[in-house]
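Structural features, examined
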Amino acid sequence: MKTRLLTLMLIISAFCGKAQDDEEYRGFSVGFRLGTYLASKNTANFYNGSGFYQTGVNYAGVSAYTIEDRLNLTPQQISQINNYYNSSNFQIPYDSSPMNMRYNPAFSVGLDFRYRLNRFASYILQIQTTKLVASDQFTVQFIGTPQQINAQNDIRLFSITGSEQRFQMALGYRQGWEVNELIDFFIQPGITFSGVKVNNNQIHIADQNLDLFIGAYNPQQLQNYTPQTRTGFGGGFGTGFEFELGNGHSFDLGFYTYREKMKLWETEFVGWNKSLTATFYY
């Protein structure tokens, strides 16, 4: 009898203790997030200047020019480049465009909206935004320059970049496990809804930046492009450590990776996008 009573008391004590813990942590909180966004390279070649991924010649009021077409757009443009490099002519090699463009790591900011069930379990809506730049180099072969006295071909490298804006909303469930009294380890599976807005695609040559997206009906209307945001869904998970600060506040360091569908103009890509974040909840 005493054993049964003791067991019942322990069960009641554990339940009450858990209830107290739940009440201490339960409720809504908001987190401010800072991080580094690491975009999948699968979409970066959209900006390589080959024209392969631009399915329409007139999208959102612009034409997408290849590197070759853009450099030979007008006689004035050709003359300016030849004068700058002291050449009689130039040509674009068949393999001029880079085929392995990558995005630079980017700074991201966002907010987390969280409902905490207890210390270890939460529902979280995370929102972040970032600006990405994809960069690489392309080649141009010059004819008639002084360098050809010592070399058969005068082939030079020039930079090409693409810029875009992204947002991501991730809805997930976080489950944690105690490491010690102040630190928890967590995993967080979830789904995402994200958007991509293509801003520009430029090449740098002869000390000037040339847009590859320019007016569809008048090449002089360089500002005729109105970017549009294209959206897609994805899924993945996050993991990291959460540090309890007391009074309902906490701080976490997390790594998140999501496989997402991304649409740039009319071309769809799928890839793993990652982020390293620090979030303070209050």
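Preceding block: the structure.
Notes on the structure follow. (Residues numbered from 1 in each chain as written. Predicted model: local features only at pLDDT ≥ 70, side-chain atom pairs only at ≥ 80, totals over all residues. Heavy atoms only, no water.)

**Things to note about unusual backbone geometry**
- With a phi close to 55°, Asn86 is a non-glycine residue in the positive phi region.
- Inspection of the secondary structure puts Asn86 in the loop between helix H3 (75-85) and strand E3 (89-91).
- Backbone geometry places Trp265, a non-glycine residue, at a positive phi of 55°.
- Considering the arrangement of structural elements, one finds Trp265 in the loop between strand E12 (249-264) and strand E13 (267-281).
- Overall, Trp265 belongs to the buried group, its relative accessible area being 3%. (Helix = DSSP H or I, 4+ residues; strand = E, 2+ residues; numbered from the N terminus. Buried < 20%, exposed > 50% of the residue type's maximum accessible area, 1.4 Å probe, protein only.)

**Let's talk about the packing of aromatic side chains**
- Counting across every chain of the model gives 20 aromatic pairs.
- With centroids separated by 5.6 Å and ring planes inclined at 70°, the aromatic side chains of Tyr85 and Phe158 adopt a geometry described as edge-to-face. Taken together, the positions of Tyr85 in helix H3 and Phe158 in strand E7 (residues 154-178) put the pair 73 residues apart, joining distant regions of the chain. Across the pair, exposure class does not vary: Tyr85 and Phe158 are buried alike.
- When the centroid spacing of 5.8 Å and the interplanar angle of 35° are considered together, the rings of Phe138 and Phe158 count as tilted. A residue pair is termed long-range when its members are at least 10 positions apart, and Phe138 in strand E6 (residues 121-143) and Phe158 in strand E7 qualify at 20 residues. (Phe/Tyr/Trp six-rings, centres within 6.5 Å; stacked < 30°, edge-to-face > 60°.)

**Quick notes on the side chain of Arg114**
- As for its placement among the helices and strands, Arg114 is situated in strand E5 (residues 106-116).
- One polar contact links Arg114 to Glu242, side chain to side chain, over a distance of 2.8 Å. (Polar contact = N/O pair within 3.5 Å; in protein donor to acceptor, adjacent residues only side chain to side chain.)

**Overview of the nonpolar core**
- Residues Phe46, Leu71, Val140, Ile205 and Leu264 are the most contacted members of the largest nonpolar core, which totals 36 residues.
- Those elements that place two or more of their residues in this core are helix H2 (67-71), H3, E6, E7, strand E8 (183-205) and E12.
- If you tally residues by element for this core, the top one is E6, at 5 residues.
- Leave out the neighbours within four places in its chain, and Phe46 touches Tyr53, Gln54, Val198, Asn201, Phe213, Leu264, Trp265 and Phe269. (Core = buried A, V, L, I, M, F, W, Y, C linked by side-chain atoms within 4.5 Å. Contact = heavy atoms within 4.5 Å.)

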